[in-house]
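Chain residues, written in single-letter form:
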Amino acid sequence: MRLPEHAARAIAQLEAAGFETWAVGGCVRDSLRGAEPHDWDLCTAARPAQMQTVFAGERVLETGLRHGTLTLLTDGGPLEITTFRADGGYSDGRHPDGVRFVGRIEDDLARRDFTVGAMAWHPERGLCDPFGGRDDLQNGLLRAVGDPDARFQEDALRILRAVRFASKLGFTVEPETAAAMRRQVARLDCIAAERVREELTGMLCGRFVQRALMEFADVIGYVLPELTPMFGCNQQNPHHRYDVWEHSVRATGQVPAEPVLRWSMLLHDCGKPACKTVDEKGIGHFYGHPAVSRELAEGILTRLRFSNEDSARILLLVEQHDRPFGDTDKLLRRRLSRIGEARFRDLLAIKKGDVVGQGTHPGDIAWLYDMEQRLNRVLAEDACLSLRQLAVDGNDMGALGLSGPAVGEMLQALLDAVIDEQTDNTREALLACARARMEERHDE
């Protein structure tokens, strides 16, 4: 391992003052697996007041001092430096009731969640690995430190963190650790919705998300009970090879690892079980499932406190994932006008994932790539697709004698006429079209 200059300098400063100091946790894990750490954390024998003395005159944040943590702001990035400590009880199942400062790095590592994160590194003393984290890392194994039930009782969020690591790194969860996750899953009830959302989002954006979702479907179903009817729901349809859950899982792994797209793909068919009917030929149908999926998704997004912006995007994609784009440029322009380019491209990604996740008609993906080319061609033509692109505006409508809602209605009608190529987007043509429509209404 090679420490960055700012971390090595901080270690040197603390040790020059007589305080043993190590790099710890995720930065050690990532470095050993050949990945670039996002940040560097240090652990030291120095108590909070002693750290303040060592770094006197430097830029520091002291908001975590009560728990022994000081953040040193350096040109190389922030360094979180924490006194060797042991945690007290976890009466709320999430945070230690208190901390006790200890004198050995091994005692500090014993409080951590998984062996691959319970390692420390020193530029002279090398690796401190009392729990076999390096071997687990090499074997792609995620194992709890010590008693797994105790680790999850201390902090139930570690259950979802394990699923996130499995999704992100492709690790196998050690059997006793996995069993303890399931035994302690009800403790997730005490975890704040925002923390659950963040862990689930990280899990959904992992490279190995399909494997993680299939292996830990029961854990996911506990925090997202609306999804459990999908498990084993046979679609009985020639367009689908898999049950509703496996189809959704496979589709989720096929869209770009962007949170909104991954969440939309996971939720897009959650309404299918409630809508399932089987005809006289034994074929399954799911009429109206996008609307039901949207309703269920809205409940999930509200409970997990998604932002209004992300919720609106996800709900649009869930609701419209099954709606055809149309076979003509006119229909494409109309859809593009209604939802905009960004959401149109989102829907293309969702539809591609949906097709691949069906596992039955791989040729259908070619049609979607053709649609993408048509979209690019329409955009290159700089066609009028929005009210702001119209050659007339509300003032022009007012000059014709329109007021109130009638102004917006007329502008929308003119935009539709331009999109349908019924008139040109020139001021003269649009005013003539507006007058003709007003006359028609008058005659009626």
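Residues numbered from 1 in each chain as written. Predicted model: local features only at pLDDT ≥ 70, side-chain atom pairs only at ≥ 80, totals over all residues. Heavy atoms only, no water.

Student: Which residues make up the overall build of the protein, and what values go with them?
Tutor: For the protein, the count of helices and strands is 21 helices and 13 strands. Taken over the C-alpha trace, the protein has a radius of gyration of 29 Å; the compact-globule value for 444 residues is 22 Å, which it surpasses by more than 25%. With the C-alpha coordinates aligned to their principal axes, the bounding extent of the protein is approximately 95 × 60 × 40 Å. By the burial criterion, 50% of the 444 residues in the protein qualify as buried. Counting contacts in the protein only where the partners sit at least 6 residues apart, residues at least 24 apart contribute 64% of the total. Total accessible area on the protein is roughly 20700 Å²; 47% of this is exposed by carbon and sulfur atoms. (Helix = DSSP H or I, 4+ residues; strand = E, 2+ residues; numbered from the N terminus. Rg over C-alpha atoms; globule rule 2.2 N^0.38 Å. Buried < 20%, exposed > 50% of the residue type's maximum accessible area, 1.4 Å probe, protein only. Contact = heavy atoms within 4.5 Å. Areas by Shrake-Rupley, 256 points an atom, 1.4 Å probe, with all protein chains shown as cover.)

Student: Please provide a residue-by-residue account of the packing of aromatic side chains, values included.
Tutor: By the definition in use, this model includes five aromatic pairs. Where Phe 114 meets Phe 165, the ring centres are 6.1 Å apart and the plane angle is 90 degrees; that geometry is what we call edge-to-face. Of this pair, Phe 114 sits in the loop between α4 (105–109) and β8 (120–122) while Phe 165 is found in helix α7 (residues 157–169), placing the two residues 51 residues apart along the sequence. Comparing Phe 114 with Phe 165 shows no difference in burial state: the two are buried. When the centroid spacing of 4.8 Å and the interplanar angle of 70 degrees are considered together, the rings of Phe 231 and Trp 245 count as edge-to-face. Pair noted here: Phe 231 is in the loop between α11 (217–223) and α12 (244–252) and Trp 245 is in helix α12, with a separation of 14 residues, a long-range link. (Phe/Tyr/Trp six-rings, centres within 6.5 Å; stacked < 30°, edge-to-face > 60°.)

Student: Hey, could you go over the nonpolar core for me, with residue numbers and the actual values?
Tutor: If you look at the biggest cluster of nonpolar residues, it comprises 100 residues, and the most contacted ones within it are Leu 200, Leu 224 and Trp 263. When residues in this core are grouped by element, the largest group, nine residues, is from helix α17 (residues 329–358). Core analysis: the next-biggest nonpolar cluster, separate from the first, contains 16 residues, Cys 384, Met 397, Val 407 and Leu 431 among them. (Core = buried A, V, L, I, M, F, W, Y, C linked by side-chain atoms within 4.5 Å.)

Student: So what's going on with the pattern of salt bridges? Which residues, and what values?
Tutor: Here the structure, examined in full by the defined rule, presents 35 salt bridges. For Asp 30, the salt bridge goes to Arg 29, with nearest N and O atoms at 3.2 Å. Asp 30 sits in the buried class, given a relative accessible area of 8%. The class for Arg 29 is buried, based on a relative accessible area of 10%. Note that Asp 396 is salt-bridged to Arg 427, the shortest N-O span being 2.8 Å. (Salt bridge = Lys/Arg side-chain N within 4 Å of Asp/Glu carboxyl O.)

Student: Outline helix α8 (residues 175–183), supporting the account with residue identities and numerical values.
Tutor: Along α8, the residues classified as buried are Thr 177, Ala 178, Ala 180 and Met 181. The buried side chains of α8 occupy one side of the element, clustering within an arc of 160 degrees when seen end-on. The inward-facing, buried residues of α8 contact β10 (141–142), α6 (148–154), α7 and β11 (172–173). Where α8 starts, the residue carrying a side-chain oxygen 3.0 Å from the main-chain nitrogen of Glu 176 turns out to be Glu 174. (Arc of directions from axis to C-beta. Polar contact = N/O pair within 3.5 Å; in protein donor to acceptor, adjacent residues only side chain to side chain.)

Student: Summarise the pairing of strand β1 (residues 21–24); cite the residues concerned and give the values.
Tutor: In β1, alternate side chains face the same way, and those of Thr 21 and Ala 23 on one face and Trp 22 and Val 24 on the other are all buried. When β1 meets strand β2 (residues 40–44), the two strands line up antiparallel, connected through four bridges. Paired with Thr 21 across the two strands is Thr 44, which belongs to β2. (Pairing = 2+ DSSP bridges.)

Student: Summarise the sheet that holds strand β5 (residues 77–83); cite the residues concerned and give the values.
Tutor: Strand order in the open sheet formed by seven strands is β3-β4-β5-β2-β1-β8-β9, and the pairing between neighbours is mixed. In the strand order of this sheet, the two ends are held by β3 (60–61) and β9 (126–128), each with one partner. Contacts between helix α1 (residues 5–16) and the sheet are confined to β1, β2, β4 (69–74), β5 and β8, with β2 contributing the most and set at about 10 degrees to the helix. (Axes fitted to C-alpha atoms, helices over the stretch in contact; angles between N-to-C directions.)

Student: Describe the packing of α17 against helix α18 (residues 364–380), and please don't skip the residues or the numbers.
Tutor: α18 packs onto α17 with a crossing angle of 150 degrees between their chain directions and a minimal axis gap of 10 Å. The interaxial crossing formed by α17 with α18 has left-handed handedness. In this structure, α17 contributes Asp 329, Leu 332, Arg 333, Leu 336, Glu 341, Phe 344, Arg 345, Leu 348, Lys 351, Lys 352, Val 355 and Val 356 to the contact, and α18 contributes Asp 364, Ile 365, Leu 368, Tyr 369, Met 371, Glu 372, Arg 374, Leu 375, Asn 376, Arg 377, Val 378 and Leu 379. Here the residues of the contact of α17 with α18 sort into 13 nonpolar, one polar and 10 charged. (Left-handed = near helix turned anticlockwise from the far one by under 90°. Nonpolar A, V, L, I, M, F, W, Y, C, P; charged D, E, K, R; others polar.)

Student: Just give me the short version of α1, but keep the residues and values in it.
Tutor: For α1, spanning 12 residues, the distance from its first C-alpha to its last is 16 Å, which sits close to the expected 16 Å at 1.5 Å a residue. Those residues of α1 that fall on the buried side of the exposure criterion are His 6, Ala 7, Ala 10, Ile 11 and Leu 14. The arc enclosing the buried residues of α1, seen along the axis, measures out at 135 degrees, which places them on a common side. Looking at α1, the residues exposed on the side facing more than 90 degrees away from the buried face are Glu 5 and Ala 16. Looking at the buried positions of α1, the neighbouring elements they touch are β1, β2, α3 (48–54), β4, β5 and β8. Taken from the residues just after α1, Gly 18 is the one with a positive phi, measuring 95 degrees. (Expected span 1.5 Å × (residues − 1).)

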